[in-house]
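Single-letter residue listing:
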Amino acid sequence: MFHLQYLLVILFLCHYVADYCLTTPAMIRAKADGRTLLPIMAHAAVHAVLMGCAMLVWGVAFQTAVLLAGVELLTHFLIDTAKGRLTARFPRLADNSQKPFWMLNGFDQLLHILVIVWISFFAL
């Protein structure tokens, strides 16, 4: 369990760096409406590469790390695309002065966290 805690911290740091430090303006615009898929896929790929590299450094077998990075790629892409399409359809969800914006943002992060926790269990 001790190792799981460290791996979770590393994967959460990867998530933070990919979501908040390495996200480009084009990715932000694409995620806002969920329609321009290539920048969203690029954003998900940044997540997958960071997490895949972290798992390899951690000692996860190559095939397992690649498979789990693929899970991260797919789930991150689907979650961000769905969130963007919801905010495009319901403008109140895009207004950060409204509570529904924060509820959706929190739910989005919760889904990403649950995926990371799931990945960590299969990585060890």
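Scroll up to find the structure this text is about.
Cut-offs applied
Residues numbered from 1 in each chain as written. Predicted model: local features only at pLDDT ≥ 70, side-chain atom pairs only at ≥ 80, totals over all residues. Heavy atoms only, no water. Helix = DSSP H or I, 4+ residues; strand = E, 2+ residues; numbered from the N terminus. Rg over C-alpha atoms; globule rule 2.2 N^0.38 Å. Buried < 20%, exposed > 50% of the residue type's maximum accessible area, 1.4 Å probe, protein only. Contact = heavy atoms within 4.5 Å. Polar contact = N/O pair within 3.5 Å; in protein donor to acceptor, adjacent residues only side chain to side chain. Axes fitted to C-alpha atoms, helices over the stretch in contact; angles between N-to-C directions. Parallel < 35°, antiparallel > 145°, perpendicular 65-115°, else oblique. Left-handed = near helix turned anticlockwise from the far one by under 90°. Nonpolar A, V, L, I, M, F, W, Y, C, P; charged D, E, K, R; others polar. Disulfide = S-S within 2.5 Å. Phe/Tyr/Trp six-rings, centres within 6.5 Å; stacked < 30°, edge-to-face > 60°. Core = buried A, V, L, I, M, F, W, Y, C linked by side-chain atoms within 4.5 Å.

1. Examining the overall build of the protein
A tally of regular secondary structure across the protein gives 5 helices and 0 strands. Scaling as 2.2 N^0.38, a compact globule of 124 residues should have a C-alpha radius of gyration of about 14 Å, and the protein matches this with 15 Å. Buried residues in the protein amount to 36% of all 124 residues. In the protein, once contacts between residues fewer than 6 apart in sequence are set aside, the share between residues at least 24 apart is 72%.

2. Digging into the environment of S97
Relative to the helices and strands, S97 resides in the loop between α4 (62-89) and α5 (99-123). Side chain to side chain, S97 and D95 meet in a polar contact 2.7 Å long.

3. Describing the environment of A65
Assignment of secondary structure puts A65 in helix α4. Residues in contact with A65, not counting those within four places in the same chain, are G52, M55, L56 and V60.

4. Considerations on the packing of helix α3 (residues 37-58) against α4
In contact at an axis separation of 8 Å, α3 and α4 are set at 150° when each is read in the N-to-C sense. Between α3 and α4, the crossing angle belongs to the class labelled roughly antiparallel. Once α3 is placed against α4, the crossing between them reads as right-handed. Where α3 abuts α4, its residues L37, I40, M41, H43, A44, A45, H47, A48, M51, G52, M55 and L56 lie against F62, A65, L68, A69, E72, L73, H76, F77, D80, T81 and R85. Classifying every residue of the contact of α3 with α4 by side-chain character gives 15 nonpolar, 5 polar and 3 charged.

5. Comments concerning the state of the cysteines
Scanning the entire structure with this criterion turns up 0 disulfides. The thiol of C14 is not disulfide-bonded; the next cysteine sulfur, from C53, is found 8.5 Å away. C14 gets classed as buried once you look at its relative accessible area, which sits at 10%.

6. Topic: the packing of aromatic side chains
Aromatic ring pairs are described here by two measures, namely the spacing of the ring centres and the angle between the planes. One pass over the full model with this rule turns up 3 aromatic pairs. With a centroid separation of 4.7 Å and an interplanar angle of 85°, the aromatic rings of F101 and W102 are classed as edge-to-face. Here F101 falls in the buried class, since its relative accessible area comes to 19%.

7. Here we look at the nonpolar core
Judged by nonpolar contacts, the single largest core of 16 residues is most densely connected at L11, M51, M55, I119 and A123. Where this core is concerned, the elements lending two or more residues are α1 (2-21), α3, α4 and α5. Top element by residues in this core is α1. It accounts for 5 residues. Leaving out residues up to four positions away in the same chain, M55 has contacts with L11, V60, A65, L68, A69, I119 and A123.

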